[in-house]
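Here is what each chain is made of, one letter per residue.
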Amino acid sequence: MISLRSHRQRLSGNKIDPLNADVGVVLDCCEREEHERWMQYALMLAKKAWASDEVPVGAVLVRHGEIIGEGWNRPISACDPTAHAEIAALRDAALKEQNYRLPDSVLYVTIEPCTMCVGALVHARVGKVVFGATEPKAGAVSSQNQLFEHPAMNFKVAYLGGVCEQECRQLMSDFFAARRAQKKLEKQRLAKIKKDCE
């Protein structure tokens, strides 16, 4: 499990409040179980995305142990480039709460958020983000960028990565392997049709 700490904490050695901190903290057994329980729910939502032939990412927004919003990737089916799982969960929660600010909430998402989603999470004042697997190409929390720690951010979001990491990573790997196999079969089918027509 990734435990990421802010530069200030590394220098000071002070303990971080897990919800109001700049970044994630090392977890005790009960915290780990709670995070894993919600990540399993996010994984279930990610499978809904896969069922719609979308990249399988799921997100659930929780406050005080209750779901206030949920979503899964839908940019293709919704014809909406912003329809990432995190954005869908924020929209769902904002409508239910009748407020665009969602303080004291924790977002669980199967894959590290991108730049767009990080910006939305900051604007929504989400207290903490817990993600499963890193996203080496477009991750904006700890992989390609560390935007939650950027000095221009006017609100600090705590974060923790690596919760149910292997399961989250495997779901993505399986999805893309299946997609490649499907494309290969389609290519072979078209080649056979072409050959039969000659």
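Provided above is the structure to which this section pertains.
Here we summarise the structure given alongside this text. Keep in mind it's a predicted model, so treat the numbers as computed, not measured.

Turning next to helix H5 (residues 165-197). For H5, built from 33 residues, the straight-helix expectation of 48 Å at 1.5 Å per residue is met to within 8% by its first-to-last C-alpha distance of 48 Å. Turning to H5, its buried residues are Cys168, Leu171, Met172 and Phe175.

What the rule picks out here adds up to five aromatic pairs. Chaining the aromatic ring pairs together yields one cluster made of Trp38, Tyr41 and Tyr108. In this structure, arginine 37 is placed above the aromatic ring of tryptophan 38, and the distance from its NZ or CZ to the ring centre is 4.4 Å.

What follows concerns the packing of helix H3 (residues 85-97) against helix H4 (residues 115-124). The contact between H3 and H4 brings their axes to 9 Å, and the two run at 25°. Between H3 and H4, the angle falls in the class roughly parallel. The element H3 and its partner H4 pack so that their crossing is left-handed. Taken together, the residues of H4 that come into contact with H3 (itself represented by Glu86, Ile87 and Leu90) are Met116, Cys117, Ala120, Leu121 and Ala124.

The subject of this paragraph is the packing of helix H2 (residues 29-51) against H5. Their axes nearest at 11 Å, the elements H2 and H5 cross at an angle of 10°. Regarding the angle of H2 to H5, the classification is roughly parallel. On the side of H2, the interface is formed by Met39, Gln40, Leu43, Ala46, Lys47 and Trp50, while H5 contributes Glu167, Cys168, Leu171, Asp174, Phe175 and Ala178. Of the residues that constitute the contact of H2 with H5, the class distribution is eight nonpolar, one polar and three charged.

What follows covers the sheet that holds strand E2 (residues 66-72). Taking strand neighbours across the sheet as the criterion, the five strands line up as E2-E1-E3-E4-E5 in an open arrangement whose pairing is mixed. The sheet terminates laterally at E2 and strand E5 (158-161), the two strands that pair on one side only. Within this sheet the neighbouring strands show an average axis-to-axis angle of 15°, counted without direction. Strand direction decides the pairing type here: strand E1 (residues 58-63) and E2, joined by six bridges, are antiparallel. Paired with arginine 63 across the strands is glutamate 66, a residue of E2. Sitting on the sheet, H2 touches E1, E2, strand E3 (106-111), strand E4 (128-133) and E5, and the angle it makes with E1 is about 140°.

Each value, and the rule that gives it
- Residues numbered from 1 in each chain as written.
- Predicted model: local features only at pLDDT ≥ 70, side-chain atom pairs only at ≥ 80, totals over all residues.
- Heavy atoms only, no water.
- Helix = DSSP H or I, 4+ residues; strand = E, 2+ residues; numbered from the N terminus.
- Expected span 1.5 Å × (residues − 1).
- Buried < 20%, exposed > 50% of the residue type's maximum accessible area, 1.4 Å probe, protein only.
- Phe/Tyr/Trp six-rings, centres within 6.5 Å; stacked < 30°, edge-to-face > 60°.
- Lys NZ or Arg CZ within 6 Å of the ring centre and 35° of its normal.
- Axes fitted to C-alpha atoms, helices over the stretch in contact; angles between N-to-C directions.
- Parallel < 35°, antiparallel > 145°, perpendicular 65-115°, else oblique.
- Left-handed = near helix turned anticlockwise from the far one by under 90°.
- Contact = heavy atoms within 4.5 Å.
- Nonpolar A, V, L, I, M, F, W, Y, C, P; charged D, E, K, R; others polar.
- Pairing = 2+ DSSP bridges.

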